[in-house]
Structure formats: structure tokens, C-alpha cells
Amino acid sequence: MSVDLKKIKELRERTNSGFLDVKNALEATNNDIEKAIEWLQEKGIVKAAKKAGRIAAEGIVRAVIKDNIAVIFELNSETDFVAKNQLFLDFAKLLEEELPKVNFSNIEDLLEQKINGKTIEEYTTDLTAKIGEKIHLRRALKYEAKEDEVVAGYTHANNRIATILIAKGHNQEALRHVAMHIAALNPAHLFETCLDEEELKEIYERINNDPKLASKPEKIQVSMKSGMLRKEFNERGVLMYQPFVMEESKTVQQYLTENKLQLIDATRFEVGEGIEKKTVDFATEVAEQMSLK
């Protein structure tokens, strides 16, 4: 059966599918555009399912601030090249616009949420079929500020690191500067209370019994202990005791206090962190790609 070339062009524009896939769809459906779209979707879902077990460790992270809401998410692809694909970027933009409006408590809940009548999981499945790589919304988190609180965020220019924060206070610009600090230095802990109880006990006991303090007046001892604790907690990666990147004469805690901010929580995402990447040789990779045709 001959295929209408105008319909091939229309179907390619509407589905972003390859020439042969479009031709086969029209042949299978007697040149019916709508049925051909359904045919491609069915075939695409099969292809996407085959890719579901593959590792997607590249992609982007984004921090989004909308009024009193902060959202951070990681959208993954298998290669950095696909993370620059326009379809991928358009979907990321849709997530930026819609996630602040959506209520969710975990990623499983979020994937079932609908945007324009289609679940987020359906979007990623369709995108996987169109692009030919596994596309996966791996994680997302949302902060919602109360009346006396403020949110801020920062996405690094490479879209591979992002941070959101929530604090008591109102100075969003100052809080954004702290978001930039966290993005750059990746502190291990926000507060000293995040350290293990036994670890904290050992630190305080060691500093309180330091021989250097024995002959010093009480006022000097207090000052020395404060400096020793600041050094100890900074070395252990506690945010509040780190020298602030924009003004290293101050700690992050001092900078926050000066700007009438009290940090409540912060989250930093980096693309692919915690994912064990699979290593395959070129021949194996080509063979796997051929098996998906």
C-alpha cells in the first residue's frame, strides 16, 4: 500500500518520530493519522519498557522559587548529550512551571500527579520512546514557607548542582547567597546537632579538658573553647561553622544572624550522586542498542 507523503510529514511533526517508524505506522493503519499516532504510542511504550532497567545517571537539577514555595528536582537521562535535547529541556521547563502547584510527599506520589491530563510518569515514558534513552524523574522536594519564613534557591550555571533553603526571617537575597555557598562547598551537615551524639560528647570532653586551658582566666577559656569548637565543627563539614564564601571573615552562622535569618532546612542536589554507573565496552553498548530496534 502506498503511503501519503503529506501524512508522513504531518505525523513526523506531531510525534517527533523517525521516518521509517512513521511510514510503518501509516501502512499499518491505512493512512489514518489518529490511529497511526495510537500505533506509535503502543510501539513507543514497548520500547520505553525495554529501557526502563537501564541506568540514567546524567541529566539536570533545578531549583525553582515561586512566591513562598521552593522546589528542587533531578531529571535524568542516560547521556549528557540527551540532557541538552530540546524535548528534554521543554519537559524540564514544564516541571519548573507545574511542580510548585502540585502537592506531593514523595517521588512515587509525584509520578502519579497529572499535568494537563497526563501523569508525570506517562510524560517520562513517552519521552523515553521519542528520544530513545531512559528519561527518569529521580527525586524532588518541596518547601513551603509560613508567614514569618522565607525560601530561596540557586541553580548553578551548568544545571548539575542546585540548592533550596527555608529559614525564619524575610531576607531572601541573603538566603540565596547561603544557597550559593552550599552549592559550592557541599557541607556534610547543617548544624552540629546533626553529628552523632557520641561524636559530640567526645568533642566537648576533649576541648573542655584541653591542657592549654588550664592556666588561662575563665574569660579567656570561654573564648578559646569557642574558637576550638568552631575549628572542629568546620573541619567536620558543619555549615554553620564554615567561613562564608562571600565574606570569609564571618562564619555562615554569623552571616545569617546579621541578616536576621534562622536556617530551618536546606537541600542540595547534584546530578547522578549516589547512582552506581554501569560501565560497558563499545561493542556491548552497540549490541544492546541493536537489540532494542
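What you see is a predicted model; the values in this text were computed from it and never measured.

Student: Any chance you could explain the pattern of salt bridges here in plain terms?
Tutor: Scanning the entire structure with this criterion turns up 19 salt bridges. Note that Arg139 and Glu273 form a salt bridge whose closest N and O atoms lie 2.8 Å from each other. Note that Arg139 is positioned in strand E5 (residues 136-144) and Glu273 in the loop between strand E10 (262-270) and helix H11 (282-291), a separation of 134 residues in sequence. Given the relative accessible area of 19%, Arg139 is considered buried. For Glu273, a relative accessible area of 28% corresponds to the partly exposed category. A salt bridge links Asp148 to Lys168, with the shortest nitrogen-to-oxygen separation between them at 3.8 Å. Within this pair, whereas Asp148 is found in the loop between E5 and strand E6 (149-155), its partner Lys168 is found in strand E7 (residues 161-168), the two being separated by 20 residues in sequence. You can call Asp148 partly exposed: its relative accessible area is 40%.

Student: Any chance you could explain helix H7 (residues 172-185) here in plain terms?
Tutor: Side chains that are three or four residues apart share a direction in an α-helix, a result of its 3.6 residues per turn. Under the 1.5 Å per step criterion, the end-to-end length of H7 is 20 Å for 14 residues, consistent within 8% with the ideal 20 Å. Taken residue by residue, H7 has Ala174, Leu175, His177, Val178, Ala179, His181, Ile182 and Ala183 as its buried positions. Residues of H7 that are buried sit in contact with E6, E7, strand E8 (243-244), helix H10 (252-258) and E10. The opening residue of H7 is Asn171, an N-cap whose side-chain oxygen sits 3.4 Å from the backbone nitrogen of Glu173.

Student: Whenever I open this one, the packing of helix H4 (residues 86-98) against helix H6 (residues 120-131) confuses me. Can you help?
Tutor: Two quantities define a packed helix pair, namely the angle between the helix axes and the distance between the axes. Closest axis-to-axis distance for the H4/H6 pair is 11 Å, and the angle between their directions is 170 degrees. In terms of orientation, H4 lies roughly antiparallel with respect to H6. Contacts from Leu87, Phe88, Phe91, Leu94 and Leu95 in H4 reach Ile120, Tyr123, Thr124, Leu127, Lys130 and Ile131 in H6. By residue class, the composition of the contact of H4 with H6 is 9 nonpolar, 1 polar and 1 charged.

Student: Would you mind showing me how to read the nonpolar core here?
Tutor: Soluble globular proteins tend to bury their nonpolar side chains together. Membership of the largest hydrophobic core comes to 27 residues, with the highest contact counts inside it found for Leu75, Leu95, Leu110, Ile120 and Leu137. Elements with a minimum of two residues in this core: strand E1 (58-66), strand E2 (69-77), H4, helix H5 (107-111), H6 and E5. Of all the elements, H4 adds the most residues to this core, at 5 residues. Excluding its chain neighbours within four sequence positions, the residues that come into contact with Leu95 are Phe73, Leu75, Pro100, Ile115, Ile120 and Leu137.

Cut-offs applied
Residues numbered from 1 in each chain as written. Predicted model: local features only at pLDDT ≥ 70, side-chain atom pairs only at ≥ 80, totals over all residues. Heavy atoms only, no water. Salt bridge = Lys/Arg side-chain N within 4 Å of Asp/Glu carboxyl O. Helix = DSSP H or I, 4+ residues; strand = E, 2+ residues; numbered from the N terminus. Buried < 20%, exposed > 50% of the residue type's maximum accessible area, 1.4 Å probe, protein only. Expected span 1.5 Å × (residues − 1). Contact = heavy atoms within 4.5 Å. Polar contact = N/O pair within 3.5 Å; in protein donor to acceptor, adjacent residues only side chain to side chain. Axes fitted to C-alpha atoms, helices over the stretch in contact; angles between N-to-C directions. Parallel < 35°, antiparallel > 145°, perpendicular 65-115°, else oblique. Nonpolar A, V, L, I, M, F, W, Y, C, P; charged D, E, K, R; others polar. Core = buried A, V, L, I, M, F, W, Y, C linked by side-chain atoms within 4.5 Å.

So yeah, pure geometry; function would need other evidence.
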